[in-house]
Amino acid sequence: MVTIEHVKHLAWLSRLDLTNDEIENYHIEIEKIIRYLDRLDSISLSDVEPRHYERRVSEFRDDIIYDDNQTDLSKTTKYSKEGYVKGPRMR
Amino acid sequence: MSKLFTLSAEQIISGVRNREFTIEDYVIQLLERINDIDDKIKAFITINDEALNTARKLDKKIKSQEAVGSLAGIAVGIKDNICTKDIKTTCASKLLQEYIPPYDATVVRRLKERDAIIIGKVNLDEFAMGSTTEFGSYGPSHNPWNPDYVVGGSSGGSAASVAALECTVSLGSDTGGSIRCPASFCSVVGLKPTYGLVSRFGLVSYSNSLEQIGPLGRTVSDIVMIMNVIAGFDENDNTTRNEIKTPGFVASDVKRPVRYGLIKELVEASDPAISKLVYSSLDLLSSNDCKWEEVSLNSDYALASYYTIAMAEASSNLARYDNLRYGFDFDPEGYEWNSYFSKIRNNFGDEVKRRIMIGSHVLLSGYYAKYYLKAQKVRSILRHEVKKLFKQVDVLISPTMPVLPFKIGENIDDPVKRYLIDTNTVVANLVGTPAISLPAGFSDNLPIGLQLMTDEMQEQLLFDVSKMYESVASIKRRPDL
Amino acid sequence: MMDEQVNIGIEIHCQLTGLQTKLFCKCKGDYRNELPNKNICPICSGQPGSMPQLNGKAVDHSCMIAFAMNCIIPPRMGFYRKNYFYPDLPKNYQISQYDSGGIGSVGYSGKLQYGGDFARIRRVQLEEDPGRLVYEADMDTSFYTLIDYNRAGTALVEIVTEPDFKDAAEVRTFLNKLTSILEHLGVCNTKLEGSVRCDANISIGSGKRVEIKNVGSFREVEKALNFEITRQKSLSSHSIEVKSETRHWDSERKVTKQSRAKEEEQDYKYFPEPDIPIILLSEEYLSSIQQKMPELPDKRRNRFVADFQLSDHVAHVLINNKEMADFFEAAVQIYYSPKEIANWLVSDLMSFIGNSKTEESSIALDLRIGPKHIAELARLVDENIISRHTAKLTLSKIMRTGQMPSQIIRESDSSKIHDERILLKAVEDAFESEKAAVIDASSNPGVVNFLLGRVLKLTQGRADPQIALALIKNKLRKTT
């Protein structure tokens with residue numbers, strides 16, 4: 001059972017300020033979808049390893065500075081002060 | 001010359017090279033075409049206002065006998081979740097409605113290096129989450145074959161613009177069928193490459209372990225041409241494969257012996273008009289050395305595995321949208337940070353919000369093994385099954401979509417019913433194999449696509465077979481626009 | 001009241017300052033001295049569509065640290081996403097490592113000896129640093145926060161110990177050892193501002209565990225721990241239960257403060273980072289790392305004792321400051337007199353270093369003296385060309401001018417006086433001016449050295465002490 005409380009908790013975890021209507025409507029859809037995903041319970045795959053891709057350390061990049069692609073945040077940031085990005089208060 | 005916009009990529013390149021027309025001529029016609037019909041199609045979000053200038057500069061070079069890139073003349077529509085430097089990239093989301101990337105995606109850079117022109121950015125479902133291109137903040141795109149119908153998605157704009165002759169070719173992204181579905185619904189060719197063959201650097205991530213950028217075009221040769229430019233190892237993307245540094249695919253008319261495997265579960269589950277067309281396609285393909293047989297692929301868990309992984313990764317990939325480094329005008333001063341983040345992020349569309357929440361759910365530490373880890377294990381099983389099949393046959397065949405295109409607004413209600421239309425396409429993403437959708441015919445003027453799939457890194461085989469099919473199927477219709 | 005057992009575990013974050021670039025992009029790793037948001041690229045500023053590019057050398061350095069901690073290094077390691085929202089995180093997740101039974105961090109189950117004890121190392125992991133939050137006035141009263149992403153993406157190694165420490169002094173000793181190791185490996189310069197941070201967890205007896213977060217330097221750790229231990233003991237002596245909580249160290253007021261933010265149970269939704277493949281740590285790779293690794297302090301100290309016959313104490317002092325140990329070896333290469341050279345470094349040079357105000361003092365830079373200076377000085381003394389006293393005076397001149405000792409001596413004509421006639425005159429002058437001492441000579445053997453000192457003074461330190469001494473003794477015998 002996916003409860004409304006759990007949906008509210010998921011909204012908090014995802015930082016989404018849902019309206020009450022949204023919570024109610026999403027609740028129905030989300031529960032349906034999670035029910036569908038629950039079919040994964042019906043097979044046991046304890047012996048199976050997830051696939052992964054591998055690389056040797058030498059295949060990763062060298063430790064060499066490249067600064068031709070520096071980002072100028074002032075072009076995309078809407079609010080800044082003296083070069084800092086302005087953010088909300090922490091308290 | 002008129003109606004240059006009907007030409008294929010190959011014809012444009014040779015036309016330009018032979019001075020039959022200028023690139024400027026071509027681009028002007030395209031822009032006029034877009035102006036004329038895009039009101040009905042709504043494939044484009046942004047037109048590149050530099051396109052004409054770039055065309056003129058290239059023409060100048062050609063005139064003074066200077067060398068130009070191998071794609072000079074080609075006009076590409078880029079899905080609006082692929083970063084283009086200095087051109088707005090919105091992902092059809094309010095959160096990025098004003099975002100102008102400070103860098104080019106690798107695929108865009110590679111196209112520009114060969115002198116392709118970016119004609120504009122095309123429509124999608126918000127953050128690529130959807131199969132109909134109805135859920136973006138710019139509204140739905142309309143099917144060029146019948147504007148009341150969906151284009152498919154999420155790369156709907158990419159497919160529609162190519163079908164409606166608004167660009168030569170386009171780029172899309174495919175996470176669970178997002179290139180092949182709209183390609184099928186719009187009767188164009190769309191390829192999802194082998195995972196890791198094309199760089200994702202600059203693709204705004206939805207689901208990193210599933211998605212690939214791929215080309216859409218009107219012919220198989222056009223697809224091959226674009227793949228030769230965009231594919232290959234990229235040091236900016238640690239998941240690109242190092243087997244191919246410079247691709248050398250060919251679009252030839254070579255005939256080769258091929259064993260086809262028709263995935264019977266997928267045919268049986270599709271609309272009768274579609275399965276009929278699939279069987280007649282197989283007849284066309286059959287010959288002395290090309291035989292087909294029925295094969296079985298159990299993909300009961302594929303869809304659940306796909307959505308678990310996609311939503312989980314999405315919930316993490318979309319966490320960065322907090323309006324601080326990029327976003328829209330909303331002064332953070334005075335707000336407590338959690339409250340600011342939550343207010344901002346509530347501007348995502350409904351579908352995106354639901355997927356983020358479900359993604360958070362399946363990654364909770366108590367649920368991780370039950371969902372995400374299990375889903376990743378399902379991929380291993382599926383891969384094992386598919387590999388077994390590829391010992392038996394060379395190419396797997398199925399309809400791209402189990403249903404015909406439907407009306408805009410029709411499929412909205414039941415989410416699971418919506419997700420089920422991805423059943424045929426998700427396998428290729430889960431396993432990492434390449435898959436292509438080819439125009440196969442129509443039913444009541446609604447397009448049907450045929451999906452071909454080969455083993456990992458077997459793109460050349462896929463191209464050869466696709467060309468073979470293209471030559472015998474002869475689908476040469478254009479939408480009435 | 002019984003003295004209950006104190007259990008302390010620590011988590012150390014060290015920046016890999018030995019790298020040129022950040023962990024996942026090619027931006028400069030050293031962000032200090034940059035204007036805000038001037039050391040960032042699409043990757044470390046979390047632009048949409050950006051992807052991490054792992055720095056191979058960071059893997060090398062993290063393996064070296066894992067070896068130095070005597071960890072087990074697995075054949076494969078992988079990165080995970082630690083998902084949480086915070087304004088200093090450009091992606092609102094941190095790419096880190098995690099031990100969940102799957103493919104995890106670079107090292108685990110290690111052990112490090114320090115002093116007479118050892119501490120178990122739970123794990124060593126590689127991860128990226130977040131950006132920095134800055135406040136115009138006070139975090140508590142500001143209406144907004146200022147964010148600088150220059151530091152975001154810098155490579156960090158996290159070292160986590162088991163709660164094996166019994167008091168703050170043990171932790172201090174351990175951290176000194178760790179500093180020495182990090183410096184010898186060349187992976188982290190602990191003297192750079194912000195290069196090391198420490199969290200600790202403390203419980204007393206069966207009491208609840210308290211976490212102390214973000215102590216900004218190793219020096220502060222001992223103070224923070226002592227404060228907290230006292231606080232907890234004081235609570236329990238008044239029968240007040242110690243709460244399980246997170247506290248912050250206020251380095252200005254020297255107290256631990258309850259964390260004001262409501263720290264909800266965090267679910268980090270860990271999952272493997274899909275943009276970075278699993279990294280193979282093959283046997284060939286690991287043995288090449290071990291071979292190329294700089295010599296670790298313990299091994300070096302043993303070598304100093306065995307090969308150079310230095311005392312344990314002297315060896316220990318040299319090793320504790322890597323620059324001194326390097327200086328010593330370089331000097332010995334030039335002129336082989338290890339004990340003499342070590343003596344000069346430990347007794348004389350050390351005191352000058354000790355007086356240096358800045359943490360970033362360096363022998364070569366601040367004092368203009370190099371191994372060749374000390375080597376020559378030692379040779380001059382060994383060969384009896386100058387007396388030890390002259391040499392000490394010469395040393396301070398070297399440090400001021402950077403000139404070679406032989407040059408200084410030539411200029412001031414400070415070669416030793418061996419001539420007995422000259423020395424005899426000085427001896428007689430000394431006896432003349434110190435009549436009282438001479439009378440005491442028969443009952444006080446120290447007078448001889450006193451008189452020698454006078455002779456040296458009279459000859460500007462140039463008297464050959466052995467000859468002078470013989471003359472003094474001779475004269476005393478004749479006098480008494």
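Calculation notes
- Counting restarts for each chain, with residues numbered from 1 along the sequence as it is written.
- The naming scheme follows written order: chains are lettered A onward, ligands numbered 1 onward.
- Given that the model is predicted, a residue must reach a pLDDT of at least 70 before its local features are reported, and side-chain atom pairs must reach 80 or more before they are shown or counted; all residues, however, enter totals for whole chains, interfaces and linings.
- Runs of E in the DSSP output that reach at least two residues are strands. Runs of H or I that reach at least four are helices, and both are numbered from the N terminus.
- Within these notes, the globule rule equals 2.2 Å times the number of residues to the 0.38 power, and the radius of gyration is based on C-alpha atoms.
- With C-beta atoms placed from the backbone, a residue counts as buried when 20 or more other C-beta atoms lie within 10 Å of its own, as exposed when 12 or fewer do, and as partly exposed for counts between those limits.
- For the purpose of contact definition, each residue receives a C-beta atom placed from its backbone, and two residues are in contact when these atoms lie within 7 Å.
- Residue polarity is assigned by list, with Asp, Glu, Lys and Arg as charged and Ala, Val, Leu, Ile, Met, Phe, Trp, Tyr, Cys and Pro as nonpolar; anything else, Gly included, falls into the polar class.
- Paired strands, as defined in this entry, are two strands with at least two bridges between them according to DSSP.
- Axis definition: a line fitted to C-alpha atoms, over the contacting stretch in the case of helices. Angles run 0 to 180 degrees between N-to-C directions.
- Orientation categories follow fixed angle ranges, with anything under 35 degrees roughly parallel, anything over 145 roughly antiparallel, 65 to 115 roughly perpendicular, and all other angles oblique.
- Multiplying 1.5 Å by the helix residue count minus one yields the expected span of that helix.
- Throughout the structure description, domain borders are defined by an automatic or database domain assignment.
- Structurally, a nonpolar core is described as a collection of buried Ala, Val, Leu, Ile, Met, Phe, Trp, Tyr and Cys residues joined by way of C-beta atoms within 7 Å.

Re the overall build of chain C
And step 1. In terms of regular secondary structure, chain C is built from 16 helices and 15 strands.
And step 2. Taking 23 Å as the expected radius of gyration for a compact globule of 480 residues, we find that chain C reaches 29 Å, considerably beyond that expectation.
And step 3. Taking all 480 residues of chain C together, the buried fraction comes to 46%.
And step 4. A separation threshold of at least 6 residues defines the contact pool for chain C, and within that pool the share at least 24 residues apart is 69%.

As for the overall build of chain B
And step 1. Secondary structure summary: chain B contains 16 helices and 11 strands in total.
And step 2. Counting only C-alpha atoms, chain B reaches 65 × 55 × 45 Å along its principal axes.
And step 3. Buried positions account for 62% of the 481 residues belonging to chain B.
And step 4. Long-range contacts, defined as pairs at least 24 residues apart, comprise 76% of the intrachain contacts of chain B with a sequence gap of at least 6.

Things to note about the interface of chain B and chain A
And step 1. Listed per partner, the contact involves 52 residues of chain B and 43 residues of chain A.
And step 2. Secondary structure elements with two or more residues in the side of chain B that touches chain A: α10 (302-317), α11 (337-345), α12 (350-363), α13 (369-392) and α14 (415-420) of chain B.
And step 3. The element contributing the most residues to the side of chain B that touches chain A is α13(B), with 11 residues.
And step 4. In terms of residue class, the side of chain B that touches chain A is made up of 24 nonpolar, 13 polar and 15 charged.

Some thoughts on the sheet that holds strand β4 (residues 93-96) of chain C
All names here are of chain C.
And step 1. Read from one edge of the open sheet, three strands run β4-β3-β14, paired in antiparallel fashion. Two strands close off the open sheet at either side, each with one partner strand: β4 and β14 (271-272).
And step 2. Here four bridges tie strand β3 (residues 80-83) to β4, and the two strands are oriented antiparallel to one another. Paired with R81 across the bridge in β4 is I95.

Describing the interface of chain C and chain B
And step 1. Each partner contributes residues to the interface: chain C has 28 residues there, and chain B has 38 residues.
And step 2. When residues of the side of chain C that touches chain B are traced back to their parent elements, those giving at least two are β3 and β8 (144-148) of chain C.
And step 3. Its residues assigned to classes, the side of chain C that touches chain B comprises 16 nonpolar, seven polar and five charged.

Here's the deal with the packing of helix α7 (residues 220-230) of chain B against helix α16 (residues 459-473) of chain B
Between two packed helices, the angle of one axis relative to the other and the distance separating the axes together describe the packing.
Residue and element names in this part refer to chain B.
And step 1. Remark: α7 packs on α16, axes separated minimally by 9 Å, with the N-to-C direction vectors making an angle of 160 degrees. Judged by the inter-axis angle, α7 sits roughly antiparallel to α16. Two secondary-structure elements touch here, α7 through V220, V224 and M227 and α16 through E459, F463, S466, K467 and E470.
And step 2. Along the lines of polarity and charge, the residues of the contact of α7 with α16 split into four nonpolar, one polar and three charged.

Looking at helix α1 (residues 56-68) of chain C
All names here are of chain C.
And step 1. In this model, α1 (13 residues) spans 19 Å end to end at C-alpha, consistent with the 18 Å of a helix rising 1.5 Å per residue.
And step 2. Most of α1 is tucked away, with 12 of its 13 residues classed as buried.
And step 3. Residues of α1 that are buried include every one of K57, A58, V59, D60, H61, S62, C63, M64, I65, A66, F67 and A68, and no others.
And step 4. Next to the buried residues of α1 lie β5 (107-114), β6 (117-128), β9 (155-161), α2 (168-185), β15 (278-280) and α4 (283-292).

Concerning the environment of C:A342
Residue and element names in this part refer to chain C.
And step 1. In this structure, A342 sits in helix α8 (residues 338-355).
And step 2. Along the sequence, A342 and L318 sit 24 residues apart, while their C-alpha atoms lie 8.0 Å from each other.
And step 3. Non-local contacts of A342, meaning those with residues more than four positions away in its chain, are made with L310, V314, L318 and F328.

Some points on the pairing of strand β7 (residues 258-263) of chain B
Residues and elements named next belong to chain B.
And step 1. β7 sits mainly inside the fold: five of its six residues count as buried.
And step 2. Both β7 and strand β9 (residues 395-399) contribute to a ladder of three bridges, which runs parallel. Among the inter-strand pairings, Y260 is bridged to a residue of β9, identified as V395.

Re unusual backbone geometry
And step 1. B:G153 connects to B:S154 through a cis peptide bond whose omega is 10 degrees.
And step 2. Relative to the helices and strands, B:S154 is located in the loop between β3 (117-122) and α5 (156-163).
And step 3. Look at A:E82: it is not a glycine, yet its phi comes out positive at around 50 degrees.
And step 4. Mapped onto the elements of the fold, A:E82 is located in the loop between β2 (80-81) and β3 (84-88).
And step 5. Positioned with a positive phi, C:N37 is a non-glycine residue whose angle comes to about 55 degrees.

Quick notes on the sheet that holds strand β10 (residues 196-204) of chain C
Adjacent strands of a sheet pair through backbone hydrogen bonds, lying either parallel or antiparallel.
Residue and element names in this part refer to chain C.
And step 1. Within the open sheet, the eight strands sit side by side as β5-β6-β9-β1-β10-β11-β12-β13. Their pairing is mixed. Because the sheet does not close on itself, it has two edges, and the strands there are β5 and β13 (255-258). Neighbour-to-neighbour, the strand axes of this sheet turn through a mean angle of 30 degrees, independent of strand direction.
And step 2. Of the strand pairs in this sheet, strand β1 (residues 6-15) and β9 are connected by five bridges, and their pairing is antiparallel.

Considerations on the domain arrangement of chain C
And step 1. With domains assigned, chain C is organised as domain 1 (6-287), domain 2 (295-412) and domain 3 (420-479).
And step 2. The C-alpha-based centres of domain 1 of chain C and domain 3 of chain C are spaced at 64 Å.

What to know about the pairing of β3(A)
And step 1. Along β3(A), four of the five residues are buried, which leaves the element largely enclosed by surrounding structure.
And step 2. With two bridges joining them, β2(A) and β3(A) adopt antiparallel strand pairing. Each residue of the ladder has a partner; that of A:K81, found in β3(A), is A:Y84.
And step 3. Taking the residues that link successive antiparallel strands as the turn, the β2(A)-β3(A) hairpin has two residues, and the phi of A:E82 there is positive, at about 50 degrees.
And step 4. In this structure, β3(A) lies alongside β8(C), joined through four bridges in antiparallel fashion. The residue of β8(C) that forms the bridge with A:K86 is C:L146.

Things to note about the nonpolar core
And step 1. In terms of nonpolar packing, the biggest core is built from 247 residues, with B:V76, B:I117, B:A159 and B:L452 touching the most fellow members.
And step 2. By residue number, the principal contributor to this core is α10(B), which donates 10 residues.
And step 3. Of all hydrophobic cores here, the second largest spans 29 residues; its members include C:L318, C:F327, C:I369 and C:L395.

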